[in-house]
Amino acid sequence: MPDVGGSENSPHPPPRGIVLIGYRGAGKSTVGRLLANRLGRPFLDLDLEIEHAAGRSIAQIFALDGEPGFRDQEAATLTRVVADHPGCILATGGGI
């Protein structure tokens, strides 16, 4: 099997991540898990990453910080996740 992992000695760059976007309830997380399994890559759900980083639920973030506060956290978390997990399969929230 050819080396496509993007190691320092490899001529191939690391695999690009795949970001799934779409309306709420469209199946991004379901498809993302299936795709990650098939490709042998990690799967991340942005909403779960936001909740973990904030230490509270999306509903609590909206209630306490409003939509602007949530969107700020969403953008910051998206930036971090993409930088920290190259090659991952990422399901975003419906509003991204």
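No experiment lies behind these values; they were computed from the predicted model shown.

Q: Would you mind showing me how to read a nonpolar patch on the surface here?
A: A surface patch of nonpolar side chains, amounting to about 280 Å² of accessible area, comprises Val-19, Ile-21 and Ile-96. Along the polypeptide, Ile-21 turns up in the loop between β1 (18-20) and α1 (28-39). Judged by its relative accessible area of 63%, Ile-21 is exposed.

Q: How do you make sense of the pattern of salt bridges when you look at a structure like this?
A: Oppositely charged side chains can form a pair if their charged atoms are brought close together. Taken as a whole and judged by the stated rule, the model has four salt bridges. Across the pair Asp-65 and Arg-56 runs a salt bridge, and its minimum N-O distance is 2.6 Å. A residue is classified by how much of its surface remains accessible, and Asp-65, at 31% relative accessible area, is partly exposed. Among the salt bridges present, the one from Glu-74 reaches Arg-71, with a minimum N-O distance of 2.9 Å. Here Glu-74 and its partner Arg-71 are both found in helix α3 (residues 58-84), three residues apart, which amounts to about one turn of the helix. Given the relative accessible area of 4%, Glu-74 is considered buried. Classification of Arg-71 as partly exposed rests on a relative accessible area of 26%.

Q: Mind showing me how you'd approach the sheet that holds strand β2 (residues 43-45) here?
A: Sheet strands pair via backbone hydrogen bonds, and the direction of the pair is either parallel or antiparallel. In spatial order, the strands read β1-β3-β2; together these three strands make up an open sheet with parallel pairing. Only two strands of the sheet have a single neighbouring strand rather than two, namely β1 and β2. Ignoring which end each strand starts from, the neighbouring axes of this sheet average 20° apart. Sheet topology places β1 next to strand β3 (residues 89-91); three bridges connect them, and they run parallel. The partner of Ile-18 across the bridge, within β3, is Ile-89.

Q: What am I meant to see in the packing of helix α2 (residues 46-54) against α3 here?
A: The packing of two helices is summarised by the inter-axis angle and the distance between the axes. Contact geometry of α2 with α3 gives a least axis separation of 9 Å together with a crossing angle of 110°. Relative to α3, the element α2 lies roughly perpendicular. Here α2 contributes Leu-46, Asp-47, Glu-49, Ile-50, Glu-51, Ala-53 and Ala-54 to the contact with α3, which in turn contributes Ile-58, Ile-61, Phe-70, Gln-73, Glu-74, Thr-77, Leu-78, Arg-80 and Val-81. Of the residues assigned to the contact of α2 with α3, the class counts are nine nonpolar, two polar and five charged.

Q: Could you clarify how one ought to interpret the nonpolar core in this entry?
A: Judged by nonpolar contacts, Leu-44, Leu-46, Ile-50, Ile-58, Ile-61, Phe-70, Val-81, Cys-88 and Leu-90 together constitute the single largest core of nine residues. Contributions of two or more residues to this core are made by α2 and α3. Among the elements that line this core, the one with the most residues is α3, at four residues. Setting aside its immediate chain neighbours within four residues, Ile-50 contacts Ile-58, Ile-61, Phe-70, Gln-73, Glu-74 and Thr-77.

Rules used in this analysis
- What you see as residue numbers is a count from 1 along each chain, following the sequence as written.
- Reporting in this predicted model follows two pLDDT cut-offs: at least 70 for local features of residues, and 80 or more for side-chain atom pairs to be given and counted; totals over whole chains, interfaces and linings ignore these cut-offs and use all residues.
- Just so you know, side-chain values use all the structure's heavy atoms and leave hydrogens and water out.
- Patch construction takes residues with relative accessible area above 30% that form no salt bridge. Like charges are linked within 9 Å, and nonpolar side chains (Val, Leu, Ile, Met, Phe, Trp, Tyr) are linked within 5 Å.
- For the area figures, the Shrake-Rupley method with a 1.4 Å probe applies, and any residue is considered shielded solely by the protein chains shown.
- Salt bridges are defined as contacts in which a side-chain nitrogen from Lys or Arg sits within 4 Å of a carboxyl oxygen from Asp or Glu.
- Put simply, DSSP marks the helices as runs of H or I at least four residues long and the strands as runs of E at least two long, and each gets a number from the N terminus on.
- Throughout this description, buried means an accessible area under 20% of the type-specific maximum (1.4 Å probe, protein chains only), exposed means over 50%, and partly exposed covers the range between.
- Being paired, for any two strands, means DSSP has found at least two bridges between them.
- Only the stretch in contact is used when a helix axis is fitted, and all axes are lines through C-alpha atoms; the angle between N-to-C directions ranges over 0 to 180 degrees.
- Any angle between 65 and 115 degrees counts as roughly perpendicular, while under 35 counts as roughly parallel, over 145 as roughly antiparallel, and the rest as oblique.
- Two residues form a contact once any of their heavy atoms are found within 4.5 Å.
- Note on residue classes: Ala, Val, Leu, Ile, Met, Phe, Trp, Tyr, Cys and Pro are nonpolar, Asp, Glu, Lys and Arg are charged, and everything else, Gly too, is polar.
- Definition of nonpolar core: a set of buried residues of the types Ala, Val, Leu, Ile, Met, Phe, Trp, Tyr and Cys, connected through side-chain atoms within 4.5 Å.

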